[in-house]
Amino acid sequence: MRKNSGLTVAAVAVALTLGGARGLAAQAGQAAAAPRPAAPATPPCGPGQPATSKSVDKASRCFEMRTYTVQEGSSIELLHNRFRTATSRLFLKHGMQIIGYWQPVATPNALVYILAYKDNAERDRAWAAFSADPEWVKTRTEMAVNVKVDSVFMGATDYSPIK
């Protein structure tokens with residue numbers, strides 16, 4: 001593996017996702033009329049939150065690693081195009097910091113990405129605003145992709161170059 005930080009972060013992200021990390025399952029990309037289950041509350045994360053380890057930096061932002069696995073009958077390329085043309089811009093509009101996107105080499109029907117927020121409350125506010133954004137509702141409907149979503153919340157370690 002080349003020692004460049006993008007590849008290292010990608011390798012960690014994919015390893016955590018495919019290694020059975022605790023995740024949340026939901027359906028995303030359904031037409032606007034489809035009922036969507038309420039998202040579970042975000043676990044406490046971010047500065048000043050109780051850490052699960054002494055090695056979690058107390059000033060760490062709240063990081064969320066999301067893996068979208070495209071289900072049979074849907075298109076990974078349509079999902080990439082949706083992120084390329086609309087989703088990323090809307091994430092930024094609603095205050096989400098994009099750390100990066102990755103295509104797992106051994107899982108060609110998946111997209112892994114990491115977002116950062118000040119804390120869990122900011123994450124919940126940003127996702128509520130994003131989900132209600134009329135442009136997102138239109139995009140999600142016009143570029144519908146059936147995906148399984150796995151979400152893992154993380155705090156940076158005290159030795160991480162990214163906090």
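Relevant structure appears above.
Here the structure is a predicted model, which means the values were calculated and not measured. (Residues numbered from 1 in each chain as written. Predicted model: local features only at pLDDT ≥ 70, side-chain atom pairs only at ≥ 80, totals over all residues. Heavy atoms only, no water.)

A.B. asks: Lay out the environment of Leu78 in plain terms, naming residues and giving numbers.
C.D. replies: With respect to the secondary-structure elements, Leu78 resides in helix 2 (residues 76-93). Separated by 67 residues in the primary sequence, Leu78 and Val145 have C-alpha atoms spaced 7.2 Å apart. Excluding residues within four positions of it along the chain, Leu78 makes contact with Met143, Ala144 and Val145. (Helix = DSSP H or I, 4+ residues; strand = E, 2+ residues; numbered from the N terminus. Contact = heavy atoms within 4.5 Å.)

A.B. asks: Describe the packing of helix 2 against helix 4 (residues 134-142), with residues and values.
C.D. replies: At a minimum axis distance of 10 Å, the contact between helix 2 and helix 4 shows a crossing angle of 160 degrees. Taken together, the axes of helix 2 and helix 4 lie roughly antiparallel to each other. In this structure, helix 2 crosses over helix 4, and the sense of that crossing is left-handed. Residues Arg82, Ala86, Thr87, Arg89 and Leu90 of helix 2 lie in contact with helix 4, whose contacting residues are Glu135, Trp136, Thr139 and Arg140. For the contact of helix 2 with helix 4, the per-class residue count stands at 3 nonpolar, 2 polar and 4 charged. (Axes fitted to C-alpha atoms, helices over the stretch in contact; angles between N-to-C directions. Parallel < 35°, antiparallel > 145°, perpendicular 65-115°, else oblique. Left-handed = near helix turned anticlockwise from the far one by under 90°. Nonpolar A, V, L, I, M, F, W, Y, C, P; charged D, E, K, R; others polar.)

A.B. asks: If you had to explain the side chain of Ser151 to someone new, which residues and values would you point to?
C.D. replies: Within the secondary structure, Ser151 sits in strand 5 (residues 147-155). A distance of 2.5 Å separates the side chain of Ser151 from the side chain of Glu64, its partner in a polar contact. (Polar contact = N/O pair within 3.5 Å; in protein donor to acceptor, adjacent residues only side chain to side chain.)

A.B. asks: Hey, could you go over helix 2 for me, with residue numbers and the actual values?
C.D. replies: If you check helix 2, its first and last C-alpha atoms are 24 Å apart, about what 18 residues at 1.5 Å a residue would give, namely 26 Å. The largest bend in helix 2 comes to about 50 degrees, at Phe83. Among all positions in helix 2, only Ile76, Leu79, His80, Arg82, Phe83, Ala86, Thr87, Ser88, Leu90 and Phe91 are buried. (Expected span 1.5 Å × (residues − 1). Bend = angle between axes of the 7 residues up to and from the residue. Buried < 20%, exposed > 50% of the residue type's maximum accessible area, 1.4 Å probe, protein only.)

A.B. asks: I'd like a rundown of helix 3 (residues 120-132), residues and numbers included.
C.D. replies: Taking 1.5 Å per residue as the helical rise, helix 3 with its 13 residues ought to reach 18 Å, and the 18 Å between its terminal C-alpha atoms agrees with that figure. By the burial criterion, the buried members of helix 3 are Asn120, Arg123, Ala126, Trp127 and Phe130. For helix 3, the arc enclosing every buried residue in end-on projection is 120 degrees, short of the 170-degree limit, so these residues lie on one face. Residues of helix 3 that are exposed and point more than 90 degrees away from the buried face comprise Ala121 and Ala132. Contacts made by the buried residues of helix 3 are with strand 2 (62-70), helix 2, strand 4 (110-117), helix 4 and strand 5. Between the side-chain oxygen at the start of helix 3 and the backbone nitrogen of Ala121 there is a gap of 3.2 Å, and the oxygen is on Asp119. (Arc of directions from axis to C-beta.)

A.B. asks: Pulling in residues and values, what's your account of the nonpolar core?
C.D. replies: As a rule of thumb, nonpolar side chains are buried together in soluble globular proteins. Within the largest apolar cluster, 22 residues are counted, with the highest numbers of intra-cluster contacts made by Tyr68, Leu79, Phe91, Met96, Tyr113 and Trp127. Contributing elements (two or more residues each) for this core: strand 2, helix 2, strand 4, helix 3 and strand 5. For this core, the element with the highest residue contribution is helix 2, accounting for 5 residues. Not counting residues up to four positions away in its chain, the partners in contact with Phe91 are Phe83, Met96, Ile98, Tyr101, Tyr113, Leu115, Trp127 and Phe130. Grouped together as the second largest cluster of nonpolar side chains are 8 residues, Phe63, Trp102, Ile114 and Ala116 included. (Core = buried A, V, L, I, M, F, W, Y, C linked by side-chain atoms within 4.5 Å.)

Scope: geometric values only; no functional claims are made or implied.
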